[in-house]
Amino acid sequence: MLAYTLFAGILFGLYFSLVGLGLNLVFGVMRIVNLAHGDFLMLGAYLAFWLYTLSEVNPVAVIPLAFALFVLIGLPLYYILVPRLLAANDPEMLSIILFFGLSQVIEALAGIVFGRSERSIPGGELGRALAGFVNLFPGAKMESGPVEIFGQTFPAAWVVAGLASLLAVLCLYVYLYRTRLGALTRAVMADREEALSTGIDTHRVSAIAFAIGIALAAIGGVFAPFMLGSITPAMGVEATVTSFAVIVIGSLGNPLGTVLGGIVYGVSYMLMQSYLSSWANLLPYLLLIAILLVRPSGLLGRQVRLA
Amino acid sequence: MFSARFLRDAALVVVPVVAIMAVLPSFYSNHLLLFNFVVFLTLAQGVNILYGFTGYLPFGYVGFFGAGAYGFSVAVLHLKAPPLAALVAAGAAACALGLVLAPLLRLSGAYFSIANLAASLAVLQIISNPNLEDITRGPYGISLSGVFNPTLAYGMALAVLAATLLFVAYLRSSNFGLALQAIRENLFSASMAGIDVVRARMIAWLACALVAGFTGGVFAWYVSVFFPETVFGAEFSIFAIVFALFGGTSTLLGPIVGVVILYGVYNVIGVSAPQYFQLIYGFLIMALVLFLPNGLTSLLQRRGIDVP
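Predicted model, so just to flag it, every value in this text is computed and none were measured.

Caption draft 1: Spatial organisation of the overall build of chain B. In terms of helices and strands, chain B carries 15 helices and two strands. Against the globule reference of 19 Å for 308 residues, chain B gives a C-alpha radius of gyration of 19 Å, in line with a compact fold. Each of the 308 residues in chain B was classed as buried or not, and the buried ones make up 52%. Across chain B, every contact between residues at least 6 apart in sequence was considered, and the portion connecting residues at least 24 apart equals 76%.

Okay, here's the thing in structure tokens:
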């Protein structure tokens, strides 16, 4: 029971780090709070749902499509909203309100277009994708269905979501630490003014980071029907709060911190579910407040955020 | 004893607003709507006390409102308290929550807002937990039909509104209000100038909590049947914040104008077509931040007019 809980917690934790990853990137680079993060996740979930319902596209195949589509949405959105915001008096505070407005717009549009009823995708789809992938290797043979790890069986959807999240984190890590644009992004993260004065086009770098952040949320959304329950236009708020809990537990601007935060969050969530289930919903909020008060820079952080 | 500015604010804004809200029920039959106007007029000023004078944006402001509503209900149901005494319990519950959450004031900017939002959701989760059914009725809601008295409740709501408006007028004209704004602009300079930063912030924070607590208590009394989601609904925080910002904070008139315009619009189109309302509302909020970040009153202030 304990081993099962811990391992399930790690799988969920990896997924939660994917959910928080984009928010962390946007906050780290622009110092703005994307309160509409969860709503982009919701849009990603609907993309997966409609592609599956209309033409039976496997959710795993939706991932690259979701990434490309939301990068294309994110770039113009950045230029419409953020430069004007950053020029204001108190951008960090105003960003909360601005993106709250955006989240209302997205939620309302989703409600009008998709309707308010709850949607879901059968969990077996991801298992089929996993089995198909494993069977590509010569000699490997795998049935689609629950996956057995260390003598425990887990729904294949959890394993696929966990692995895909790990892959996304690695990609972001490579982008930030092994490419030129990533180095520029980290420079903007460290000090926006100084980056500007050394000739970095901060708006271009930020726009790309913003678009990637939104696209990562959408990828998280593709797995949402399997990990977070059924999808509705109103699911965004909860996803945003969860993302905040995850990135605050980890630390800002550091993808590894987000993974740590996600795993701490996922494991404690699973432990609460198993042993204290009626209070499990309280966890993200309490964890968030506790970490903010005790160690406001996050578990791996150095910056200080005290007033 | 009172400064000229305080008297001018009181005469130009507080007295007319309270008088109008007091006589309107005789001319207009939808009393619930009028009551809701009073509630939001008060809550928007509560946000104004904190955001307008200290710069902290309480994104989970509804936590105090709900704590007040439940403080009132528990006092009525378990202690058999008369409604006016139960209102004191409502204020006390909100203040107690304010004290518990006081450490959040150590956080700055967005971190405070997010922690405050999380705190209000945590309080909702605790109160609506089925394990606490004996005390709070858990998720099944509260019924206070025994003390139902809308006329008196409306009167008390007006009293809370008047007190809140006078407090904001006081902040605008007193050294204490100046001290708070000095802290907002620069913490270290203010503290070098001899301002007790922690104490000043604490007073503003508890005042802001108290306003919402009393309003929540009056709300519980007026509606008398409600669920945890009713009195902890995020729209209370959001509406109060947006109304206050739309009109312009750290003025007395701004939040009032915000409530009259936006809550008026809400009642005209929001009730019949909530989805389109949410859409328009979202766009309105975004336009506000992008084009008029200091609120409607800043249009007058830019021309050198001292808005009350």
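After presenting the structure, the write-up continues.
Caption draft 2: Geometry of the interface of chain B and chain A. Each partner contributes to the interface: chain B provides 35 residues, whereas chain A provides 37 residues. Broken down by element, the side of chain B that touches chain A gets its largest block of residues, 12 residues, from helix H5 (residues 109-127) of chain B. Here the residues of the side of chain B that touches chain A sort into 25 nonpolar, nine polar and one charged.

Caption draft 3: Representation of unusual backbone geometry in the model. Residue and element names in this part refer to chain A. Unlike most non-glycine residues, Arg-31 shows phi in positive territory, near 55 degrees. Secondary-structure assignment places Arg-31 in the loop between helix H1 (2-30) and helix H2 (37-55). One non-glycine residue, Glu-56, lies in the positive phi region at around 55 degrees. Relative to the helices and strands, Glu-56 resides in the loop between H2 and helix H3 (59-86).

Caption draft 4: Summary view of helix H4 (residues 83-100) of chain B. All names here are of chain B. Here H4 spans 25 Å end to end across 18 residues, near enough to the 26 Å set by a 1.5 Å rise per residue. Turning to H4, its buried residues are Pro-83, Ala-86, Leu-87, Ala-89, Ala-90, Gly-91, Ala-93, Ala-94, Cys-95, Leu-97 and Gly-98. Elements that come into contact with the buried residues of H4 comprise helix H3 (62-78), H5, helix H7 (150-173) and helix H10 (197-223).

Caption draft 5: Region of interest: helix H8 (residues 175-185) of chain B. All names here are of chain B. Of the residues making up H8, those classed as buried are Gly-177, Ala-179, Leu-180 and Ile-183. Viewed along the axis of H8, the buried residues span an arc of 160 degrees, placing them on a single side of the element. Away from its buried face, by an angle of more than 90 degrees, H8 presents the exposed residues Asn-175 and Glu-185. Close packing links the buried residues of H8 with helix H2 (31-54), H7, helix H9 (187-192) and H10.

Caption draft 6: Molecular detail of the confidence of the model for chain A. Mean pLDDT over chain A: 84, with 92% of residues reaching 70 or higher. Per-residue pLDDT, averaged within each element of chain A, yields its smallest value for strand E1 (residues 147-149) of chain A (71) and its largest for helix H9 (residues 202-227) of chain A (93).

Caption draft 7: Geometry of the packing of H3(B) against H5(B). Residue and element names in this part refer to chain B. Relative to each other, H3 and H5 sit at 30 degrees, their axes nearing to 8 Å. What the angle tells us is that H3 and H5 run roughly parallel. Across the interface between the two elements, Val-62, Gly-63, Gly-66, Ala-67 and Tyr-70 from H3 touch Ala-119, Ser-120, Val-123, Leu-124 and Ile-127 from H5. Broken down by class, the residue content of the contact of H3 with H5 amounts to seven nonpolar, three polar and no charged.

The rules we used
Residues numbered from 1 in each chain as written. Chains lettered and ligands numbered in written order. Predicted model: local features only at pLDDT ≥ 70, side-chain atom pairs only at ≥ 80, totals over all residues. Helix = DSSP H or I, 4+ residues; strand = E, 2+ residues; numbered from the N terminus. Rg over C-alpha atoms; globule rule 2.2 N^0.38 Å. Buried ≥ 20, exposed ≤ 12 C-beta atoms within 10 Å, placed from the backbone. Contact = placed C-beta atoms within 7 Å. Nonpolar A, V, L, I, M, F, W, Y, C, P; charged D, E, K, R; others polar. Expected span 1.5 Å × (residues − 1). Arc of directions from axis to C-beta. pLDDT = per-residue confidence, 0-100. Axes fitted to C-alpha atoms, helices over the stretch in contact; angles between N-to-C directions. Parallel < 35°, antiparallel > 145°, perpendicular 65-115°, else oblique.

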